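Listed below, chain by chain, are the residues.
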Amino acid sequence: MRLPNSRRQFLRLSSLAMAIPLMPFPPTEQAKVSIAPNGQMSIQQAIDTIISHIPGGKLDTTVDTFKSSDPGQALRGIVSTFLATTAVIKEAIAKHANLIITHEPTFYNHLDETDWLQQDPVYLYKRKLLEDNHIVVWRFHDYWHRHRPDGILHGFLQKMNWLSYLDPQQENTCIIPPTPLPKLARTFKKKLELDRCFYIGDPRLSCSRIGILPGAWGRGPHIELLQKDIDVLVIGETAEWETAEYVRDAAEAGMKKGLIVLGHAMSEEPGMAYVLDWLKDVLPGVPAWHIPAHDPFVGV
Ligand SMILES: [Zn+2]
């Protein structure tokens, strides 16, 4: 499904964009690689192949749509990332890739609606960068979470080396040797290479049953898992007045509950790195890279 902003509309408005140095796409050896028996595979065909490998097949309603350029063009290379940031787009251009598979939106809202951005210089800069360089962005959010195992959770557990800790009885739960809450937070910080990691709860809390919801599932799924038999919930992000306050109240009331907050990007990036391994079987022979979007925040 294409977004309402047509290319013509974009070209009319793009004159408002800030002047940016853009290199024309150089012809490369990769551009000539034929990866399908009857010629080059189009980006649309590559995405159809990806979707055919997801249980349940094509969804009628999904945010996993094309966000830019023409998916009818021949696929040259794929970049997977948590977020198609401007920095990631520039790296993809440097690698001569023309498909970015992103987990989260490109234009600052869940549905990637752009009507409200038509005069916005930040949007216009990013849109021009994508269109001038024929970069197709496709979102891989709903389908990747529908994959079994959930692609994001699997990549996360793989990076933690925790796959063997997964509880077969309870979804999104691991059972680990008892570990004090602050030490557990430091383990995540080290293994996921985080600059920041926060926890809520009694530092003496011994954690063995760990609920894991990378990303931003919201207070509903967060609190539902906290209500089950877990010691600590590990998440990407939450509003401070929702899950964070629920756990602070629980700890204050003497209940053995803790929360560890990793950051949204850093908690889901391992799952998008895992896309690269997965693609080796789904689209063998296609040049592909994982480019991390990185934690957006800088501490002082
Ligand atoms: Zn996600």
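What you see is a predicted model; the values in this text were computed from it and never measured. (Residues numbered from 1 in each chain as written. Predicted model: local features only at pLDDT ≥ 70, side-chain atom pairs only at ≥ 80, totals over all residues. Heavy atoms only, no water.)

**A word on the pairing of strand β6 (residues 206–213)**
At step 1: Most of β6 is tucked away, with seven of its eight residues classed as buried.
At step 2: Sheet analysis places strand β4 (residues 173–180) next to β6, joined by five bridges and oriented antiparallel. By the bridge assignment, P180 is partnered in β6 with S206.
At step 3: Relative to strand β7 (residues 232–235), β6 runs parallel, the two being bridged by four bridges. If you follow G211 over to β7, its bridge partner there is L233.
At step 4: This β-α-β element, β6 to helix α9 (residues 219–226) to β7, shows right-handed connectivity. (Buried < 20%, exposed > 50% of the residue type's maximum accessible area, 1.4 Å probe, protein only. Helix = DSSP H or I, 4+ residues; strand = E, 2+ residues; numbered from the N terminus. Pairing = 2+ DSSP bridges. Right-handed = clockwise from strand over helix to strand, strands pointing away.)

**Structural notes on the packing of α9 against helix α10 (residues 243–252)**
At step 1: Orientation of α9 relative to α10, taken along the N-to-C sense of each, is 25°, at an axis distance of 10 Å. Judged by the angle between their axes, α9 and α10 are roughly parallel. Considering how the two elements wind past one another, α9 and α10 form a crossing that is right-handed. Seen from α9, the contacting residues are R219, H222, I223 and L226; seen from α10, they are T243, Y246 and V247.
At step 2: Looking at the contact of α9 with α10 residue by residue, the class counts come to four nonpolar, two polar and one charged. (Axes fitted to C-alpha atoms, helices over the stretch in contact; angles between N-to-C directions. Parallel < 35°, antiparallel > 145°, perpendicular 65-115°, else oblique. Left-handed = near helix turned anticlockwise from the far one by under 90°. Contact = heavy atoms within 4.5 Å. Nonpolar A, V, L, I, M, F, W, Y, C, P; charged D, E, K, R; others polar.)

**As for the packing of helix α7 (residues 151–160) against helix α11 (residues 264–282)**
At step 1: Remark: α7 packs on α11, axes separated minimally by 7 Å, with the N-to-C direction vectors making an angle of 100°. Taken together, the axes of α7 and α11 lie roughly perpendicular to each other. Counting all contacts with α7, which are made through G151, I152, H154, G155, F156, Q158 and K159, the residues of α11 involved are S267, E268, P270, G271, M272, Y274 and D277.
At step 2: Among the residues forming the contact of α7 with α11, the class breakdown is five nonpolar, six polar and three charged.

**Observations regarding the nonpolar core**
At step 1: I50, L99, I101, W138, F140, W278 and L283 are the most contacted members of the largest nonpolar core, which has 26 residues in total.
At step 2: Sorting the residues of this core by element identifies α3 (43–52), β2 (99–102), β3 (136–139), α6 (142–146) and α11 as the ones contributing at least two each.
At step 3: Among the elements that take part in this core, α11 stands out by supplying six residues, more than any other.
At step 4: Those residues in contact with F140 that lie beyond four places of it in its chain are I50, I54, D64, I101, T102, H103, M272, V275 and W278.
At step 5: Of all hydrophobic cores here, the second largest spans 23 residues; its members include L157, M160, L194 and M266. (Core = buried A, V, L, I, M, F, W, Y, C linked by side-chain atoms within 4.5 Å.)

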